[in-house]
Amino acid sequence: MSLLYKSTRSVSEPVTASMAILKGLADDGGLFVPESIPSLDVSMEELSKMTYQEVAYEVMKKFLTDFTEEELKGCIDRAYDSKFDTEDIVELVKADGAYYIELFHGATIAFKDMALSILPHLMTVSAKKNNVSKEIVILTATSGDTGKAALAGFADVPGTKIIVFYPKNGVSMIQELQMVTQKGANTHVIGITGNFDDAQNGVKAIFGDADMKAELDKAGFQFSSANSINIGRLVPQIVYYVYSYAKLLAEGEIKAGEKINIVVPTGNFGNILAAYYAKNMGVPVEKLICASNDNKVLYDFFATGCYDKNREFILTSSPSMDILISSNLERLIYKIAGENAAKNKELMTALSAGGKYTITDDMKAKLADFIGGYATEAETADTIHAIYENTGYIMDTHTAVAASVYKKYAADSKDETKTVIASTASPYKFARSVMNAIDAKYDEMADFDLIDELEKLSGVAIPNAVQEIRNADILHKTVCAPAEMKQEVLKFLGIN
Ligand SMILES: *Cc1c(COP(=O)(O)O)cnc(C)c1O
């Protein structure tokens with residue numbers, strides 16, 4: 001059975017999975033969604049005996065139906081290998097009354113590795129399938145985590161080049177070091193003298209520049225995006241929800257068919273949407289709990305049915321969730337609008353024009369699977385502190401937002417359903433905030449001393465991703481003004 005992808009914004013000819021991966025965004029500006037969500041063809045019993053890679057194949061083959069078995073298995077094997085520091089690829093840790101699914105055992109110690117380690121392979125296979133002979137150039141603007149995960153994923157992948165722009169003074173020391181020490185002749189990292197929005201707008205302008213597109217075309221290149229709206233990122237994320245359910249079953253923590261709750265620390269709504277897809281594929285899930293930090297647009301949306309980004313943007317200790325426009329929510333809006341592209345487009349147009357929209361009561365009724373919650377900065381820090389004191393387990397700030405939301409939910413609702421919390425980053429990645437939450441005395445320590453201290457407290461070895469940047473050479477030193485981004489791209493590609 002072949003599954004095609006259609007746009008959320010107009011009724012147009014659906015495309016194959018490989019085409020949707022290559023294009024990223026539909027021509028009408030909508031997101032690609034599968035015409036239907038497929039069911040798993042193996043039972044949870046069977047899945048519980050499989051490796052991560054085997055589960056990945058069972059899930060992904062249902063979505064990427066124009067990939068052959070050999071192609072898809074090849075992508076999976078190249079992605080989920082020794083780049084991960086655990087053979088199981090993800091770890092399930094029981095602590096403080098919940099199960100933490102640790103999605104940070106990849107090359108850059110954040111959950112984005114789960115999708116970005118396979119996306120380059122899905123893309124190069126997709127290019128071959130569609131007779132694209134041009135070299136693929138990935139352009140990305142990053143506020144920190146995505147850039148490094150994309151660099152690590154695309155480094156030295158034949159047929160690709162990757163260019164990452166980041167705000168020179170807007171990322172953490174660890175994040176900057178991770179990027180500027182990136183190896184691989186096909187990688188290029190540039191700091192810009194502006195903020196993340198400047199970087200993002202610059203990249204969008206380059207994507208929309210017809211002259212530039214023509215010049216690249218002549219030189220044998222084609223742009224693509226590693227953005228989280230690409231279905232090549234969404235589909236691999238479904239895998240770990242299926243896998244974690246199967247693992248709970250294998251370990252006797254749940255009975256066959258028993259429902260679980262899933263809590264996801266959310267920014268762009270990609271990770272939690274993958275959990276929703278897993279539920280729709282047949283994983284027994286009761287509630288999907290969407291956890292926000294102080295930028296609680298989604299919490300307000302689930303409470304009122306009104307999405308309103310007109311508010312102050314708050315910088316928090318969970319920066320990867322500091323987002324006011326959750327792009328992937330559009331896929332859910334389209335679905336609850338009864339797959340009505342015109343209705344979805346009307347709401348998205350209202351969002352870009354006035355920064356807000358309100359869904360109908362009918363649509364709101366279809367959100368019963370979701371519960372919104374949020375945690376303040378103080379609650380997040382208190383949660384890190386309390387769970388460390390009670391159990392010795394140390395979590396990062398993003399995961400702590402989810403843990404805090406879960407605690408409040410469990411206390412209010414008395415819901416005793418077993419619960420999986422998506423753990424999206426290693427505490428080493430946000431060591432300063434984490435250590436400060438444990439004890440204010442750490443405030444004075446230098447960054448790498450904090451890392452050593454965290455190792456002592458947690459008993460978890462310093463991950464390779466942190467170890468290797470301690471003494472690594474700085475390989476990328478270019479800094480440019482936002483207005484010079486286009487020139488930098490042409491220079492790197494050897495066109496000017
Ligand atoms: C990107 C990110 C998130 C948010 O995930 P979305 O899919 O954008 O909702 C949460 N935590 C960390 C550490 C991240 O890097």
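That block above? That's the structure.
Note that this is a predicted model, so its numbers are computed, not measured.

Asks: Any chance you could explain the overall build of the protein here in plain terms?
Replies: Within the protein, the secondary structure is distributed over 22 helices and 15 strands. Expected size for 496 residues packed as a compact globule is a radius of gyration near 23 Å; at 22 Å, the protein falls within 12% of this value. The dimensions of the protein, computed from C-alpha atoms along their principal axes, are 60 × 55 × 45 Å. With 496 residues in all, the protein has 57% of them scored as buried. Considering only intrachain contacts with a sequence separation of at least 6, the fraction spanning at least 24 residues in the protein is 74%. When the accessible surface of the protein is summed, it comes to about 19,600 Å², and 49% of that surface belongs to carbon and sulfur atoms. Measuring between centres, the 49 positive side-chain charges of the protein sit 4 Å from its 67 negative side-chain charges.

Asks: Explain the state of the cysteines here, please?
Replies: Covalent bonding between the sulfur atoms of two cysteines defines a disulfide. In this structure the tally under the stated criterion is zero disulfides. Looking at Cys290, it has no disulfide partner, and the nearest cysteine sulfur is the one in Cys306, 16 Å off. Overall, Cys290 belongs to the buried group, its relative accessible area being 0%. Using a relative accessible area of 21% as the deciding quantity, one classes Cys306 as partly exposed.

Asks: Would you mind showing me how to read the packing of aromatic side chains here?
Replies: Each aromatic ring pair is specified by the distance between its two centres and by the angle formed by the two planes. One pass over the full model with this rule turns up 17 aromatic pairs. Here the aromatic rings of Tyr276 and Tyr277 are separated by 6.5 Å at their centres, their planes lie at 45°, and the arrangement is tilted. One exposure class covers both Tyr276 and Tyr277, and it is buried. Aromatic ring contacts, followed pair by pair, group Phe63, Phe269, Tyr276, Tyr277, Phe301, Phe302, Tyr307, Tyr357 and Phe370 into a single cluster. Cation over ring: Lys73 sits above Tyr57, and NZ or CZ is 4.6 Å from the ring centre. In this arrangement the basic side chain of Lys129 is found over the ring face of Phe67, its NZ or CZ atom lying 5.7 Å from the centre.

Asks: Looking at this structure, how should I read the packing of helix α7 (residues 145–154) against helix α8 (residues 173–180)?
Replies: Two measures define how a pair of helices packs: the angle their axes make with one another and the distance between the axes. Two elements in contact, α7 and α8, have axes whose closest approach is 9 Å; the angle formed by their N-to-C orientations is 25°. The angle between α7 and α8 falls in the class roughly parallel. Two packed elements cross with a definite hand, and for α7 against α8 that hand is left-handed. Where α7 abuts α8, its residues Asp145, Gly147, Lys148 and Leu151 lie against Gln175, Gln178 and Met179. In the contact of α7 with α8, the residues fall into two nonpolar, three polar and two charged.

Asks: Explain the pattern of salt bridges to me, please; I cannot follow it from the model alone.
Replies: Once the charged atoms of two side chains with opposite charge are near each other, the side chains can pair. One pass over the structure, following the stated rule, counts 28 salt bridges. The partner of Lys94 in a salt bridge is Glu253, and the shortest N-O contact between them spans 3.2 Å. In this pair, Lys94 sits in strand β3 (residues 91–95) while Glu253 sits in the loop between α11 (231–250) and β9 (260–265), placing the two residues 159 residues apart along the sequence. A salt bridge links Lys343 to Glu346; the shortest N-O distance between them is 3.2 Å.

Asks: Hey, could you run me through the sheet that holds strand β10 (residues 285–292) in this one?
Replies: Pairing between the strands of a sheet is mediated by backbone hydrogen bonds and can be parallel or antiparallel. A sheet is described by the order of its strands in space; here six strands give the open sequence β3-β4-β14-β9-β10-β13, paired in mixed fashion. With one partner strand each, in any of the chains shown, β3 and β13 (370–374) form the two edges of the open sheet. The mean angle between the axes of side-by-side strands here comes to 25°, regardless of whether they run parallel or antiparallel. Pairing of β3 with strand β4 (residues 98–102), which is carried by five bridges, proceeds in the antiparallel orientation. Within β4, the residue paired with Glu91 across the bridge is Glu102.

Asks: Looking at this structure, I do not really get the side chain of Lys148. What am I missing?
Replies: Mapped onto the elements of the fold, Lys148 is located in helix α7. Although buried, Lys148 forms no salt bridge, and the nearest oppositely charged side chain, Glu468, lies 5.1 Å from it. The contact partners of Lys148, leaving out residues within four places of it in the chain, are Thr108, Gln178, Met179 and Gln182.

Asks: It is not clear to me how the sheet that holds strand β7 (residues 187–192) should be interpreted in this structure. Could you clarify?
Replies: The strand order across the open sheet formed by five strands is β8-β5-β6-β7-β15, and the pairing between neighbours is parallel. One side of each edge strand has no neighbouring strand; the edge strands of this open sheet are β8 (221–224) and β15 (479–480). Against the sheet, helix α9 (residues 196–207) engages β5 (135–141), β6 (160–167), β7 and β8, with an angle of about 150° to β5.

Asks: Help me understand unusual backbone geometry, please; the structure alone is not making it clear to me.
Replies: Glycine aside, a negative phi is what most residues show, and trans is what most peptide bonds show. One non-glycine residue with positive phi stands out, namely Ile109, at about 50°. Tracing the chain through its elements places Ile109 in the loop between β4 and α5 (112–116). We classify Ile109 as buried; its relative accessible area is 2%.

So, how was this worked out
- Residues numbered from 1 in each chain as written.
- Predicted model: local features only at pLDDT ≥ 70, side-chain atom pairs only at ≥ 80, totals over all residues.
- Heavy atoms only, no water.
- Helix = DSSP H or I, 4+ residues; strand = E, 2+ residues; numbered from the N terminus.
- Rg over C-alpha atoms; globule rule 2.2 N^0.38 Å.
- Buried < 20%, exposed > 50% of the residue type's maximum accessible area, 1.4 Å probe, protein only.
- Contact = heavy atoms within 4.5 Å.
- Areas by Shrake-Rupley, 256 points an atom, 1.4 Å probe, with all protein chains shown as cover.
- Lys, Arg positive; Asp, Glu negative; His and termini not counted.
- Charge placed at Lys NZ, Arg CZ, Asp CG, Glu CD.
- Disulfide = S-S within 2.5 Å.
- Phe/Tyr/Trp six-rings, centres within 6.5 Å; stacked < 30°, edge-to-face > 60°.
- Lys NZ or Arg CZ within 6 Å of the ring centre and 35° of its normal.
- Axes fitted to C-alpha atoms, helices over the stretch in contact; angles between N-to-C directions.
- Parallel < 35°, antiparallel > 145°, perpendicular 65-115°, else oblique.
- Left-handed = near helix turned anticlockwise from the far one by under 90°.
- Nonpolar A, V, L, I, M, F, W, Y, C, P; charged D, E, K, R; others polar.
- Salt bridge = Lys/Arg side-chain N within 4 Å of Asp/Glu carboxyl O.
- Pairing = 2+ DSSP bridges.

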